[in-house]
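Each chain, letter by letter, is given below.
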Amino acid sequence: MESMTILQQVIIIAVCILATMLTRFLPFFIFSGKKPAPHYIQYLGKALPAAVFGMLVIYCLKDVSIFTGMHALPELISIAFVIALHLWKRQMLLSIAGGTVCYMLLIQFVF
Amino acid sequence: MVYFYAAAMDIPIKECLLLLYIGTERGTDDMSSSKHKAWRALKAAFPYTIPIFAGFWFLGLTYGIYMHVSGFSFLYPMFMSLLIFGGSLEFVVVNLLLGAFDPLQAFTIALMVQARHLFYGISMLDRFKGTGWKKPYLIFGMCDESFSIIYTAKIPEDVDKGWFMFWVTALNHFYWFSGSTLGGLLGSLLKFNTTGLEFVMTAMFTVIFLEQWMKEKKHYTALLGLGCSLLCLILFGASDFMIPTMVSLLGVLTVLRRPIEKAGGFV
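Residues numbered from 1 in each chain as written. Chains lettered and ligands numbered in written order. Predicted model: local features only at pLDDT ≥ 70, side-chain atom pairs only at ≥ 80, totals over all residues. Heavy atoms only, no water.

Chemist: Please explain the overall build of chain B as it appears in this structure.
Modeler: The secondary structure content of chain B amounts to 13 helices and zero strands. Listing the helices and strands of chain B from first to last along the sequence gives α-α-α-α-α-α-α-α-α-α-α-α-α. Going through the 267 residues of chain B one by one, you find that 49% of them count as buried. Considering only contacts within chain B whose residues lie at least 6 apart along the sequence, 77% involve residues at least 24 apart. Looking at chain B as shown, the accessible area adds up to about 12,300 Å², and 69% of this sits on carbon and sulfur atoms. (Helix = DSSP H or I, 4+ residues; strand = E, 2+ residues; numbered from the N terminus. Buried < 20%, exposed > 50% of the residue type's maximum accessible area, 1.4 Å probe, protein only. Contact = heavy atoms within 4.5 Å. Areas by Shrake-Rupley, 256 points an atom, 1.4 Å probe, with all protein chains shown as cover.)

Structure below.
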């Protein structure tokens, strides 16, 4: 395939930067005035984060297959471990490090 | 693998000690209140970013190496990590750069991959108020990880919130930038058995989800988030489920606004 020129590559990257910044700045441009954002937007601002955190967990697991390979067992065990550890000690760093080490040990040595 | 993990956790501790040392040395003579505020916020923010350091260095190195083996100089991951600062899109851009020149397609794909930032912005409208010159940077650097930490962290009363949010964003930005650039520079020289280290991000979002769950009184929106994402993942598959998830979430939250608002219990 014909490869792009440097200028074309720069344009593609610039376009991606532009699109990214649009998604980050748009809400602030629309609701930046002196008057507060509409109630509906304020409601979304409060209701969305918990939903988004759920979405991000699923997003991290999107490529895990339940039906083939290891049947998501390393992931499920490690997540259960993270939850148990966090409920027990409630130390964010400890839960994250513990869960990661658990996962690495599982996929490197067990599965 | 243990070696890399130890290295990943070791470096920030050393850096932190060094910073602490410099801080105490300086602290005595010129402690203008603004400097003091910034310093205090950095100390409060840094521990929250340690898992991100591990995750971003792992992913950043991987990304840089991927760029390197795809035939790009380290300048590409360097500038893209600095100016886009969005991991998933940056991986996609590699394919866009290797394909035919199509800016419109690139724009559409970038918008779709990054659309979730709209949600973050809506949730941060209030929190970013009154942060002055830091505000544009906070918005510019609002990735998944910065948003999650800023939204859930318990910022101590005596710590300036603007500075705290600034440091979380700047540290994360720096981790991603340095990891990606190093990956691009060192290319295939790196050989660690880091299989599975990427789970650090899953573990982090699980903990953040759990923290939010324990803080809120009602769990409707958390469950809706999990449910919609799972359903869309099953229906649309791993590469196309984010947009349907976001659309369906907006729809469900809009339809159920009355009962959800009535139940209350937001954090």
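Chemist: Help me out: how do you make sense of the domain arrangement of chain B in this one?
Modeler: For interface size, the figure often reported is the accessible area lost on association. Residue and element names in this part refer to chain B. If you check the domain split of chain B, you get domain 1 (2–215) and domain 2 (216–267). Every contact between the two is made by ten residues of domain 1 and, on the other side, eleven residues of domain 2. Taken together, the two surfaces of domain 1 and domain 2 that pack against each other cover about 1,000 Å², and 74% of this comes from carbon and sulfur. Seen at the junction of domain 1 and domain 2, the total is zero salt bridges. (Domains from an automatic or database assignment. Buried area = accessible area lost by both parts, 1.4 Å probe. Salt bridge = Lys/Arg side-chain N within 4 Å of Asp/Glu carboxyl O.)

Chemist: How do you make sense of helix α10 (residues 199–215) of chain B when you look at a structure like this?
Modeler: Residue pairs three or four apart in sequence face the same way in an α-helix, which turns once every 3.6 residues. Along its 17 residues, α10 of chain B runs 24 Å from first to last C-alpha, staying within 8% of the 24 Å computed at 1.5 Å per residue. Among the 17 residues in α10 of chain B, 14 count as buried, and that is most of the element. (Expected span 1.5 Å × (residues − 1).)

Chemist: Even after reading the chapter, I still don't get the interface of chain B and chain A, so can you show me in this structure?
Modeler: Contact residues are listed per partner, giving 97 residues for chain B and 69 residues for chain A. Between chain B and chain A, roughly 7,500 Å² of surface is buried when both sides are summed, and carbon and sulfur atoms account for 80% of that area. Linking E211 of chain B and R90 of chain A is a salt bridge whose minimum nitrogen-to-oxygen distance equals 3.0 Å. For the pair chain B and chain A, the interface holds 14 residue pairs in polar contact (both at pLDDT 80 or more). Considering every element that reaches the side of chain B that touches chain A, the biggest residue donor is α10 of chain B, with 15 residues. Its residues placed into classes, the side of chain B that touches chain A shows 66 nonpolar, 22 polar and nine charged. (Polar contact = N/O pair within 3.5 Å; in protein donor to acceptor, adjacent residues only side chain to side chain. Nonpolar A, V, L, I, M, F, W, Y, C, P; charged D, E, K, R; others polar.)

Chemist: Any chance you could explain the packing of aromatic side chains here in plain terms?
Modeler: Centre distance and the angle of the planes are the two values used to describe a pair of aromatic rings. All names here are of chain B. Across all of its chains, the model carries 25 aromatic pairs over all chains by this definition. Centroid distance W133 to F166: 5.5 Å. Interplanar angle 70 degrees. Geometry classified as edge-to-face. Taken together, the positions of W133 in the loop between α6 (116–124) and α7 (134–140) and F166 in helix α9 (residues 161–186) put the pair 33 residues apart, joining distant regions of the chain. Accessibility expressed as a relative area gives 13% for F166, which makes it buried. What links up through ring pairs into an aromatic cluster is the set F56, Y63, Y66, F85, F91 and W176. Sitting over the ring of Y151, R127 keeps its end group 4.0 Å from the ring centre. Above the ring of W163, the side-chain terminus of K134 is found at 4.6 Å from the ring centroid. (Phe/Tyr/Trp six-rings, centres within 6.5 Å; stacked < 30°, edge-to-face > 60°. Lys NZ or Arg CZ within 6 Å of the ring centre and 35° of its normal.)

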